[in-house]
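# Remarks on the overall topology
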Amino acid sequence: MCRLYGLISCHPRKVECDLIRSQHSLLHQSEHDYTGNKNAQGWGLENYDKDKLKLFKQPKAAFDSVAFRWQAAKIHSKQVISHIRRATVGIVSAENTHPFVHNGLILAHNGHIDHFDIIKNKILSAITEEEAKLIQGTTDSEYILAYLHHIYNQDPKAKLATILTLGLQQIIQMTEEVDPSKESALNIVFSNGKEMAASCYNRSLYLVEREAVHPCQVCNGELHINEKPKSFRSVVVASEPITTDEKWLEIPNNSIIEVDSNVSFKIDRDALKTISH
């Protein structure tokens, strides 16, 4: 299993406590997640800084990386995706380290595609040659992004949640056609820098909504934003609750989460259910 994190906020905010300093930060989870596993085979951080996408990766443990601490500490953004890897498909390398970016679409994945050797060829036969050229690594995760990118190219105005739902339904159907007794694990965080979609499919996923600027219990009161706006709203999704003083919502299996550009969210709890049952 891997661990992932996704943030959308109406105002730029720091994520240092979420990623480094909190009780169950991504840094902590890289050494010991709630299942007792290490996720020590790569880390990645993506964010938008003044409309410019920034991406940092290392194929090494976050807990053993000064760069992870340094990069996470200086992020101040409305949109962030971070990931720590426990490799299951593909060698440990920078090319196989999440998040992946194809033409402004960003994806991180916790899980696996069953019978990927077969599904890989199905995906390649469905996408265009130009879309396939964007694939740099050998993970099933980047092939998922290539497939979602293909769906996006067919209808660029579609909501990310719609693209994610359709793409995962079709990938699940591909795997069931190969072997109906097996189930993939497809927890995804998917963004274009302005909105976000996420899926919960056979892995744990949690959400917290922050509806007001409030003191951080991790760092003795710092507010994590440079201003005090009249209104504030942010949504975080993560593989496990990162803080202990907030109400984290456990996302039901088979769900798709949509977070729009106004940072309003909704959950379709049955989006993948008809496929898996």
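Our subject is the structure that appears above.
Residues numbered from 1 in each chain as written. Predicted model: local features only at pLDDT ≥ 70, side-chain atom pairs only at ≥ 80, totals over all residues. Heavy atoms only, no water.

### Regarding the sheet that holds strand β7 (residues 185-191)
In space, the 6 strands of this open sheet follow the order β5-β6-β7-β8-β12-β13, with antiparallel pairing throughout. Of all strands in the sheet, those with a lone pairing partner are β5 (100-102) and β13 (265-268), marking the two edges. Between one strand and the next, the sheet's axes are offset by a mean angle of 20°, whatever the strand orientation. Relative to the sheet, helix α7 (residues 160-178) contacts β6 (105-112), β7, β8 (196-200) and β12 (255-259), its axis offset from that of β7 by approximately 155°. (Pairing = 2+ DSSP bridges. Helix = DSSP H or I, 4+ residues; strand = E, 2+ residues; numbered from the N terminus. Axes fitted to C-alpha atoms, helices over the stretch in contact; angles between N-to-C directions. Contact = heavy atoms within 4.5 Å.)

### Let's talk about the packing of helix α4 (residues 116-126) against helix α6 (residues 140-154)
It is at 10 Å that the axes of α4 and α6 come closest, and there the two elements cross at 25°. Of the possible angle classes, the one that applies to α4 and α6 is roughly parallel. Considering how the two elements wind past one another, α4 and α6 form a crossing that is left-handed. Along its contact with α4, which presents Phe116, Lys120, Ile123, Leu124 and Ala126, the element α6 presents Asp140, Tyr143, Tyr147 and His150. (Parallel < 35°, antiparallel > 145°, perpendicular 65-115°, else oblique. Left-handed = near helix turned anticlockwise from the far one by under 90°.)

### What about the packing of aromatic side chains?
Going through the model one piece at a time under the given rule, you end up with 2 aromatic pairs. Between tryptophan 43 and phenylalanine 68 the ring centres are 5.2 Å apart and the planes differ by 70°, which places this aromatic pair in the edge-to-face class. With tryptophan 43 in strand β2 (residues 43-49) and phenylalanine 68 in helix α3 (residues 66-74), this pair connects stretches of sequence that are 25 residues apart. Residue classification places tryptophan 43 among the buried positions, given a relative accessible area of 1%. Residue phenylalanine 68 is classed as buried on the basis of its relative accessible area of 0%. With a centroid separation of 5.4 Å and 75° between ring planes, the pair formed by phenylalanine 116 and tyrosine 143 is classed as edge-to-face. Here tyrosine 143 lies in helix α6 and phenylalanine 116 lies in helix α4, a separation of 27 residues in the sequence. Across the pair, tyrosine 143 and phenylalanine 116 agree in class, each one buried. The ring of tryptophan 70 carries lysine 74 above its face, with NZ or CZ at 3.7 Å from the centroid. (Phe/Tyr/Trp six-rings, centres within 6.5 Å; stacked < 30°, edge-to-face > 60°. Buried < 20%, exposed > 50% of the residue type's maximum accessible area, 1.4 Å probe, protein only. Lys NZ or Arg CZ within 6 Å of the ring centre and 35° of its normal.)

Remember, this is a structural readout, not a statement about activity or role.
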